[in-house]
Amino acid sequence: MENLKKAYIAGGCFWGMEDLFRVRPGVKDTEVGYIGGINDNPTYQNHPGHAEGMEITYDANETSYKELLDYFFRMHDPTTKDRQGNDIGSSYRSALFIQNDEEKQIAAEVIKIVDESEKWHGKVVTTLEPFTKFWPAEESHQDYLIKNPNGYTCHFERFDSFL
């Protein structure tokens, strides 16, 4: 029986994150969108303060929030502030949008593990931000790299598991 939960993350351009997470064990659905900003009904052209983020629906019987975060910290560079690859600005920040105390504790624990591993060239700058509302992106951005197989991405697996 499924035990569906949702996680909200941001780590640069949402196209590449979605492409990698959609095939992870236990992930049942992904949707890209905008989160953490100041305007209602953000769009690709108008999302001040919002990160390009993702809603991950996962079965907690098959994977855990901790395992999702382990992968998150391996598929993007969490040590660069407001930047991933060629993308620069707060829209491309590394952030976890925390829904409860359990997620906050797990996020802090995983960040400590990642920092202590010294696999990255610097310390994690991923922000822990309170979850407010997730705004789905336009349909043209959903499953973008399936629709555009040669499209831009700066996301790829860099390391084996930190856990």
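Everything numeric here is computed off the predicted structure, so don't read it as measured data.

**Q** Could you clarify how one ought to interpret the overall build of the chain in this entry?
**A** When you go through the chain residue by residue, the secondary structure sums to four helices and eight strands. Beginning at the N terminus, the succession of helices and strands in the chain can be written as β-α-β-β-α-β-β-β-α-β-β-α. Here the chain has a C-alpha radius of gyration of 15 Å; the compact-globule value for 163 residues is 15 Å, and the two agree. With the principal axes as the frame, the chain shows a C-alpha extent of 40 × 40 × 30 Å. Every one of the 163 residues in the chain was classed for burial, and the buried ones make up 50%. Taking the intrachain contacts of the chain between residues at least 6 apart in sequence as the baseline, contacts between residues at least 24 apart amount to 77%. Total accessible area on the chain stands at roughly 8100 Å², and carbon and sulfur atoms take up 49% of it. Looking at charge distribution, the chain has the averaged site of its 17 positive side-chain charges lying 3 Å from that of its 28 negative ones.

**Q** Explanation requested: the pairing of strand β6 (residues 94-98) in the structure shown.
**A** Of all five residues in β6, five are buried, a share of seventy percent or more. Pairing of β6 with strand β7 (residues 127-130) involves four bridges; the strand directions are parallel. Following the sheet pairing, F97 is matched in β7 by E129.

**Q** Could you clarify how one ought to interpret unusual backbone geometry in this entry?
**A** Peptide bonds are trans in most cases, and residues, glycine excluded, mostly fall at negative phi. Not every positive phi belongs to a glycine, and N41 is a case in point at roughly 55 degrees. Tracing the chain through its elements places N41 in the loop between β2 (27-35) and β3 (51-59). Phi at D82 is positive, roughly 55 degrees, even though this residue is not glycine. With respect to the helices and strands, D82 occurs in the loop between α2 (65-75) and β4 (83-84). A residue is classified by how much of its surface remains accessible, and D82, at 23% relative accessible area, is partly exposed.

The rules behind each value
- Residues numbered from 1 in each chain as written.
- Predicted model: local features only at pLDDT ≥ 70, side-chain atom pairs only at ≥ 80, totals over all residues.
- Heavy atoms only, no water.
- Helix = DSSP H or I, 4+ residues; strand = E, 2+ residues; numbered from the N terminus.
- Rg over C-alpha atoms; globule rule 2.2 N^0.38 Å.
- Buried < 20%, exposed > 50% of the residue type's maximum accessible area, 1.4 Å probe, protein only.
- Contact = heavy atoms within 4.5 Å.
- Areas by Shrake-Rupley, 256 points an atom, 1.4 Å probe, with all protein chains shown as cover.
- Lys, Arg positive; Asp, Glu negative; His and termini not counted.
- Charge placed at Lys NZ, Arg CZ, Asp CG, Glu CD.
- Pairing = 2+ DSSP bridges.

Function cannot be inferred from these measures alone, as they are strictly geometric.
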